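# Report on the structure
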Amino acid sequence: MRIDLHAHSNVSDGTENPADVMASAARAGLDVIALTDHDSTAGWDEASAAAVEHGVALVPGMEVSCRTEEGISVHLLSYLHDPKHPGLLEEITKAKDARHTRAERMVTLLAEDYPLTWDDVIHHVAPGATLGRPHIADALVAAGVVEDRSEAFASILTSRSRYFIQHYAPAPAIAVELVRAAGGVPVFAHPVASSRGRIVGERVYQEMIDAGLAGLEINHRDNPEEGRRFLRRLAGKHDLLITGSSDYHGTGKPNLLGENLTEPDVLARIEELGTGTAVVRP
């Protein structure tokens, strides 16, 4: 069984709509895929209908934006949570609104040096989608400033750039608690992806574990091998689930569906733990 537990649609920063993500999963030979858009579950219904059509099981999920007190970005995957849980919904709504405000401020700064307007950015955002830096990157590509998203993030939109602005996000341990309260299964996404920016130390891991962290996304292209060894030791010590995934974004990233996979027994355990909703099977 081929299981990929991390994919994005244009509900956040992917380039395909949720139904097309399911169709792509079928073409890639996947049996199961999780839709994990940033701070949004708006794609679940469309993806659920497409799961039946394309014969690929859907794990309803979400990627929650978090930030430590030191300002380090942390992404938390949530599987099978209740999308209407008040506490979790309030936090992701605050984060989503903050992303929008942050994007406006970044575009204002960028417009001082590049041919970029707010309308240029909005053109690349699907209705109701969670707005983020990838949409700004798409506008920069369209303006001929950079070749692709990767170049934009490596230069103009890096967290070390003068154009970068932080946005509100809950502390990782708080997010773990909220996901658990919503009946979900919290898994730390690409924890040692140092190429993306600063990574957390062991204190944050312990806080998340104490709050109810269920697993670590170890098999991910952005986790270097040395970091994976650390994560495997941590998972063994604390009996954490080990997942693998592509972090697919359509044409928005080079990541390919199914390039990393999750074992069937891990998915079975996620289904046992998740009480907020259920896997959609064709």
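An unreviewed UniProt entry lists the chain under the name Metal-dependent phosphoesterase, with Pseudarthrobacter scleromae given as the organism.

### A word on the packing of aromatic side chains
Applying the stated criterion across every chain yields a total of three aromatic pairs. Consider the rings of tyrosine 205 and phenylalanine 230, whose centres lie 5.4 Å apart with planes at 75°: the pair is edge-to-face. Of this pair, tyrosine 205 sits in helix 8 (residues 202–211) while phenylalanine 230 sits in helix 9 (residues 225–238); the two residues are 25 residues apart in sequence, bridging distant segments of the chain. You can call tyrosine 205 buried: its relative accessible area is 2%.

### So, unusual backbone geometry
With phi around 50°, aspartate 39 is a residue other than glycine that occupies positive phi space. Along the chain, aspartate 39 falls in the loop between strand 2 (32–35) and helix 2 (44–54). At aspartate 239, a residue that is not glycine, the phi angle is positive and equals roughly 55°. Its location among the elements puts aspartate 239 in the loop between helix 9 and strand 7 (241–244). Its relative accessible area of 69% is what places aspartate 239 among the exposed residues.

### Some details on the environment of glycine 87
Mapped onto the secondary structure, glycine 87 falls in helix 3 (residues 86–110). Remark: the alpha-carbon pair of glycine 87 and aspartate 119, spanning 32 residues in sequence, is separated by 33 Å.

### Remarks on helix 8
All of the buried residues along helix 8 are Val204, Tyr205, Met208, Ile209 and Ala211. Buried residues along helix 8 cover an arc of 160° about the axis, so they all sit on one side. Across helix 8 from its buried face, at more than 90 degrees, point the exposed residues Glu202 and Asp210. Buried residues along helix 8 sit in contact with strand 4 (73–79), helix 7 (172–181), strand 5 (185–188), strand 6 (215–219) and helix 9.

### Here's the deal with the environment of tyrosine 79
Here tyrosine 79 is to be found in strand 4. Given a relative accessible area of 0%, tyrosine 79 falls into the buried group. Expressed as a C-alpha distance, the spacing of tyrosine 79 and threonine 277, which sit 198 residues apart in the sequence, is 8.7 Å. In this view, tyrosine 79 contacts Leu5, Ala34, Thr36, Val59, Pro60, Gly61, Gly184, Val185, Val187 and Ile270; residues no more than four positions away in its chain are not counted. Engagement of the side chain of tyrosine 79 in a polar contact is seen with the backbone oxygen of leucine 5, the distance being 2.6 Å.

### Structural notes on the UniProt feature "domain: Polymerase/histidinol phosphatase N-terminal" (unreviewed entry) in the chain
Following the UniProt record, the feature "domain: Polymerase/histidinol phosphatase N-terminal" (unreviewed entry) maps to residues 3–68 here. Taken as a whole, residues 3–68 contains 32% helix and 30% strand, while its terminal C-alpha atoms sit 30 Å from one another.

Thresholds, definitions, all that
Residues numbered from 1 in each chain as written. Predicted model: local features only at pLDDT ≥ 70, side-chain atom pairs only at ≥ 80, totals over all residues. Heavy atoms only, no water. Phe/Tyr/Trp six-rings, centres within 6.5 Å; stacked < 30°, edge-to-face > 60°. Helix = DSSP H or I, 4+ residues; strand = E, 2+ residues; numbered from the N terminus. Buried < 20%, exposed > 50% of the residue type's maximum accessible area, 1.4 Å probe, protein only. Arc of directions from axis to C-beta. Contact = heavy atoms within 4.5 Å. Polar contact = N/O pair within 3.5 Å; in protein donor to acceptor, adjacent residues only side chain to side chain. UniProt positions renumbered as here; feature names shortened; annotations may be inferred.

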